[in-house]
Amino acid sequence: MKHFTIPFLLILLLSLCSWGIWGHEHINRAAVFALPMQMRTFYYNHVDFITVESTGPDMKRSVYNDKSEGPKHYIDIEGFDRPLDSLPRTTADKSKVYADSTLQKLGSLPWQIQDMMAKLTKAFKDGHKSEILLLSADLAHYLGDANMPLHTSLNYDGKLTGQPGVHSFWESRLPEIFGNSYNLNTREAKYIDDVTKETWRIIKKSHQLADTLLAIDRKVRASMPEDKLYKKDDQGNQLKTKYNTPIQSDEYANAFHTALNGMVQEQMKTSITAVADFWYTAWVNAGKPDLNKLDDPELTEQNKTPLEKDYEAWKKGKVVKLKTDSEY
Ligand SMILES: [Zn+2]
């Protein structure tokens, strides 16, 4: 699994953009509305930043070429020397057990989430507005990744089971095609008693879905003629994404999405709930600081009516239409 050539690795790093831009932006934006009123007003004042910065952590690796960033987005559970339930829970425990070089290979997502949570809590305590916003958006990104099943598996792109490309197919292509029909309304944020436990609960649940997701894809592939799986141009050549991977046909995308029976929407909603819960918990643990003091009252006043309108739309499952960069 780890004998990749350099060009292949580069392509992989670029193409595995976690949820994809569509997914991350919608998760972050929708989470703002799941917050209680004392937080919602402040987050809505900065909702465009929270939305766009949702892919900031991916850009650290793809645009800034930060080599230390990649492993923070995944955990290859099967690659570790012990089962998921026996992995060290906290960052401090993890450092006693595993060398950085191991985590650089196998990923450190659950610990990254906990580290970001501690940083966000501190930013709330300190009343640092820009840090609160940046850390909120970035933490939301990692929580979104944790709810993408293939971010928790060694077989993250289906290569071990003859299903290459399934990663971005599931997380980018399907949301780009079907996402506008999803209902993104969720319950209001709840306080998390034990952040470590909740982080691992999310990882475990997501990991359990990885095999299901891959099995569904195998079944769909087997049910279609080989030459119907990928898009072709008029000359019969396979069309490729900007990352040089073949583009699945609309027929294949439809069949896969139907067979998944709502899994993509469900994982998006689970991500939104997790994001709102974590933001809310960090704020409560910081002593519930008054966030409205961080903005000019005029800005809050200007946003009052748009917030009400967008909140009502979200209650019906919709967020304002976002024009995101297409990855296909
Ligand atoms: Zn990511």
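Refer to the preceding data block for the structure.
Remember, it's a predicted structure, so these values are computed and weren't measured experimentally. All chains use their own residue numbering, which begins from 1 and follows the written sequence. The model is predicted, so local features are restricted to residues of pLDDT at least 70 and side-chain atom pairs to those at 80 or more, both for listing and for counting; the totals for chains, interfaces and linings are taken over all residues. Remark: hydrogens and water are excluded; side-chain values derive from all non-hydrogen atoms of the structure.

## A short note on the nonpolar core
Our working definition: What is meant by a nonpolar core is a set of buried Ala, Val, Leu, Ile, Met, Phe, Trp, Tyr and Cys residues, joined one to another through side-chain atoms within 4.5 Å. The classification of residues rests on relative accessible area computed with a 1.4 Å probe and restricted to protein chains. Under 20% of the type maximum is buried, over 50% is exposed, and intermediate values are partly exposed. Elements are defined by DSSP. Helices are runs of H or I of four residues or more, strands are runs of E of two residues or more, and each kind is numbered from the N terminus. By the convention used here, residues are in contact when the closest approach between their heavy atoms is within 4.5 Å.
Grouped together as the largest cluster of nonpolar side chains are 85 residues, with contacts concentrated most on Tyr-43, Phe-124 and Trp-279. The leading source of residues in this core is helix α13 (residues 263-285), at 12 residues. Those residues in contact with Phe-124, other than ones at most four positions away along the chain, are Met-39, Tyr-43, Ile-132, Trp-279, Ala-282, Trp-283, Ala-286, Pro-289 and Leu-291.

## Examining the pattern of salt bridges
As a reminder, the rule being used: Definition used for salt bridges: Asp or Glu carboxyl oxygen within 4 Å of a side-chain nitrogen of Lys or Arg.
For the structure shown, the criterion picks out 16 salt bridges. Across the salt bridge formed by Asp-58 and Arg-61, the nearest N and O atoms sit 3.0 Å from each other. Here Arg-61 and Asp-58 lie together in helix α5 (residues 56-62), a separation of 3 residues that amounts to about one turn. The exposure class assigned to Asp-58 is buried, which follows from its relative accessible area of 4%. Since its relative accessible area comes to 12%, Arg-61 is described here as buried. Connected via shared salt-bridge partners are Lys-60, Glu-69, Lys-72 and Asp-138.

## Observations concerning unusual backbone geometry
In this structure, Asn-65 is a non-glycine residue whose phi angle is positive, near 60°. Structurally, the position occupied by Asn-65 is in the loop between α5 and α6 (91-97).

## A word on helix α12 (residues 250-260)
Filter applied, for reference: Directions are taken from the helix axis to each C-beta atom, and the arc is the one they span.
Where α12 is concerned, the buried positions are Tyr-252, Ala-253, Phe-256, His-257 and Leu-260. Buried positions in α12, seen along its axis, are confined to an arc of 125° and lie on one side of it. Buried residues along α12 sit in contact with α10 (166-178), α11 (195-222) and α13. In the segment just after α12, Asn-261 is the residue with positive phi, at about 55°.

## Here we look at the environment of Lys-288
In this structure, Lys-288 sits in the loop between α13 and α14 (297-315). Given a relative accessible area of 45%, Lys-288 falls into the partly exposed group.

## Some words on the packing of helix α9 (residues 129-146) against α13
Put simply, the rule reads: Think of each axis as a best-fit line through the C-alpha atoms, taken over the contacting stretch in the case of a helix, with angles from 0 to 180 degrees between the N-to-C directions. The cut-offs work like this: below 35 degrees is roughly parallel, past 145 is roughly antiparallel, 65 to 115 is roughly perpendicular, and the gaps in between are oblique. By convention the crossing between two helices is left-handed if the near helix lies anticlockwise of the far one by an angle smaller than a right angle, and right-handed if it lies clockwise.
Two elements in contact, α9 and α13, have axes whose closest approach is 9 Å; the angle formed by their N-to-C orientations is 140°. Taken as axis vectors, α9 and α13 run oblique relative to one another. The hand of the α9/α13 crossing is right-handed. Residues Ser-136, Leu-139, Ala-140, Leu-143 and Gly-144 of α9 form the contact with α13, whose own contacting residues are Ser-271, Ala-274, Val-275, Phe-278 and Trp-279.

## Looking at the packing of aromatic side chains
Put simply, the test is: Each Phe, Tyr or Trp ring (for Trp, its six-membered ring) is paired with any other whose centre lies within 6.5 Å, and the angle between the two planes then decides the class: stacked below 30 degrees, edge-to-face above 60, tilted in between.
What the rule picks out here adds up to 13 aromatic pairs. Aromatic side chains Phe-33 and Tyr-44 sit 5.9 Å apart centroid to centroid with 55° between the ring planes, which places their arrangement in the tilted category. Pair noted here: Phe-33 is in helix α2 (residues 20-33) and Tyr-44 is in helix α3 (residues 37-45), with a separation of 11 residues, a long-range link. Overall, Tyr-44 belongs to the buried group, its relative accessible area being 7%.

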